[in-house]
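Chain residues, written in single-letter form:
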Amino acid sequence: MAAPGPGAGAASGGAGAGSGPGAGTSGGPGGRLPSRVLELVFSYLELSELRSCALVCKHWYRCLHGDENSEVWRSLCARSLAEEALRTDILCNLPSYKAKVRAFQHAFSTNDCSRNVYIKKNGFTLHRNPIAQSTDGARTKIGFSEGRHAWEVWWEGPLGTVAVIGIATKRAPMQCQGYVALLGSDDQSWGWNLVDNNLLHNGEVNGSFPQCNNAPKYQIPHPDKCTCVNNTCINTLLLTNL
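Residues numbered from 1 in each chain as written. Predicted model: local features only at pLDDT ≥ 70, side-chain atom pairs only at ≥ 80, totals over all residues. Heavy atoms only, no water.

Enquirer: Is there a simple way to think about the overall build of the protein in this case?
Expert: Check the secondary structure of the protein and you find 7 helices and 13 strands. Sorting the 242 residues of the protein into buried and exposed places 43% on the buried side. In the protein, once contacts between residues fewer than 6 apart in sequence are set aside, the share between residues at least 24 apart is 65%. Carbon and sulfur atoms form 51% of the exposed surface of the protein, whose accessible area is close to 12,500 Å². (Helix = DSSP H or I, 4+ residues; strand = E, 2+ residues; numbered from the N terminus. Buried < 20%, exposed > 50% of the residue type's maximum accessible area, 1.4 Å probe, protein only. Contact = heavy atoms within 4.5 Å. Areas by Shrake-Rupley, 256 points an atom, 1.4 Å probe, with all protein chains shown as cover.)

Enquirer: Where do I start with the pattern of salt bridges in this structure?
Expert: Taken as a whole and judged by the stated rule, the model has 7 salt bridges. Among the ionic pairs, Glu84 bridges to Lys120, the shortest N-O distance being 3.7 Å. Placement of Glu84 in helix α5 (residues 83-86) and of Lys120 in the loop between β2 (117-119) and β3 (126-128) is noted, with a sequence separation of 36 residues between them. With a relative accessible area of 30%, Lys120 lands in the partly exposed category. (Salt bridge = Lys/Arg side-chain N within 4 Å of Asp/Glu carboxyl O.)

Enquirer: Teacher, can you tell me more about unusual backbone geometry here?
Expert: Note: most peptide bonds trans; most residues except glycine with negative phi. Positive phi is not limited to glycine here, since Gln133 has a value of about 55°. Position of Gln133 among the secondary structure elements: in the loop between β3 and β4 (134-136). By relative accessible area, Gln133 is classed as partly exposed at 44%. A positive phi angle, close to 55°, is found at Asn202, a residue other than glycine. Note on placement: Asn202 falls in the loop between β10 (198-201) and β11 (204-208).

Enquirer: Help me understand helix α7 (residues 97-104) in this model?
Expert: Turn by turn, an α-helix covers 3.6 residues, leaving residues three or four places apart pointing in a common direction. Along α7, 6 of the 8 residues are buried, which leaves the element largely enclosed by surrounding structure. For α7, the full list of buried residues reads Lys98, Ala99, Lys100, Val101, Ala103 and Phe104. Buried residues along α7 sit against α2 (47-54), α3 (58-65), α4 (71-80), α5 and α6 (89-92).

Enquirer: For this particular structure, what's the right way to read the nonpolar core?
Expert: By size, the foremost hydrophobic cluster in this structure holds 24 residues, and its most contacted members are Phe42, Leu50, Leu64 and Leu91. Aside from chain neighbours lying at most four places away, what touches Leu91 is Leu81, Ala85, Leu86, Lys100, Ala103 and Phe124. Counting 9 residues, the second-largest nonpolar core is a separate cluster that includes Trp151, Val153, Trp155 and Ile165. (Core = buried A, V, L, I, M, F, W, Y, C linked by side-chain atoms within 4.5 Å.)

Enquirer: What's the story with the side chain of Asn193 in this structure? I'm lost.
Expert: Within the secondary structure, Asn193 is located in strand β9 (residues 189-193). Contact partners of Asn193, with chain neighbours within four places excluded, come to Val162, Ala163, Val164, Asn198 and Leu200.

Enquirer: Hey, could you run me through the side chain of Ser189 in this one?
Expert: The residue Ser189 is located in strand β9 in this model. A distance of 3.4 Å separates the side chain of Ser189 from the side chain of Asp186, its partner in a polar contact. Residues in contact with Ser189, not counting those within four places in the same chain, are Ile167, Ala168, Ala172, Leu182, Leu183, Gly184, Leu200, His201 and Asn202. (Polar contact = N/O pair within 3.5 Å; in protein donor to acceptor, adjacent residues only side chain to side chain.)

Enquirer: Is there a simple way to think about the packing of aromatic side chains in this case?
Expert: The description of an aromatic ring pair rests on the distance of the ring centres and on the angle between the ring planes. Across all of its chains, the model carries 2 aromatic pairs by this definition. Between Phe42 and Trp60, the aromatic rings sit 5.4 Å apart at their centres with planes inclined by 70°, giving edge-to-face as the arrangement. Remark: Trp60 occurs in helix α3 and Phe42 occurs in helix α1 (residues 35-42); sequence separation between them is 18 residues. The pair formed by Phe42 and Trp60 is uniform in burial state, with each residue classed as buried. Relative to Phe124, the ring of Phe104 lies with its centre 6.1 Å away and its plane at 75°, an arrangement referred to as edge-to-face. Placement of the pair is Phe104 in helix α7 and Phe124 in the loop between β2 and β3, with a sequence separation of 20 residues. The exposure class of Phe104 is buried, given its relative accessible area of 10%. (Phe/Tyr/Trp six-rings, centres within 6.5 Å; stacked < 30°, edge-to-face > 60°.)

Enquirer: Please explain the state of the cysteines as it appears in this structure.
Expert: In protein chemistry, a disulfide is the covalent bond that joins the sulfur atoms of two cysteines. Enumeration according to the criterion identifies 0 disulfides in this entry. Free of any disulfide, Cys63 has its nearest neighbouring cysteine sulfur in Cys57, separated by 9.4 Å. (Disulfide = S-S within 2.5 Å.)

What follows is the structure, given as structure tokens:
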């Protein structure tokens, strides 16, 4: 199964003078350096450092964000993204190096998933090891505290006993014993059971989807995809339960 991250950019971070990106005008002697020189220097920095640099002055901000295919973003792409990730349809279809870096920030987190889940090097595809009597999940690297967000989930292969997609906070568990609807089992997550068409939260069924009389079982061909839209304030974007 693969879940591409949303197209939204990573949240701004770092420190700098002023109250917003590029609030200053000169940045001291560094602000007078030619754009080409700055670009060469920036091409050695990591994403968190580039965020801080963008806050120094308008000149630095324009240098970083004026060209999304500059050497800065090309170099960062080459250093931080595996070849397997760059070859995926998800990233190949994005128009710039900067867009690829931003999208990869929303891939699955290898540090925030069940021990029975294996996330491929491309970052967007996960597999569950065939462990009996176990329900397992994975979250993405970046969550949100507000706003409306949409993402696609591509599910390949049979759904299995329990198949749930949805959203969860960082406090929601990633693994439990037995075959249960892990997503929606407590007040820290919301889930859509693809097998029974149930919407779940806090261990209870809160309606059904699609909302129609005698809705058929949701059967996903091989492969198929569905789009989820979230308008709830949450800490973590996506958790998948297999």
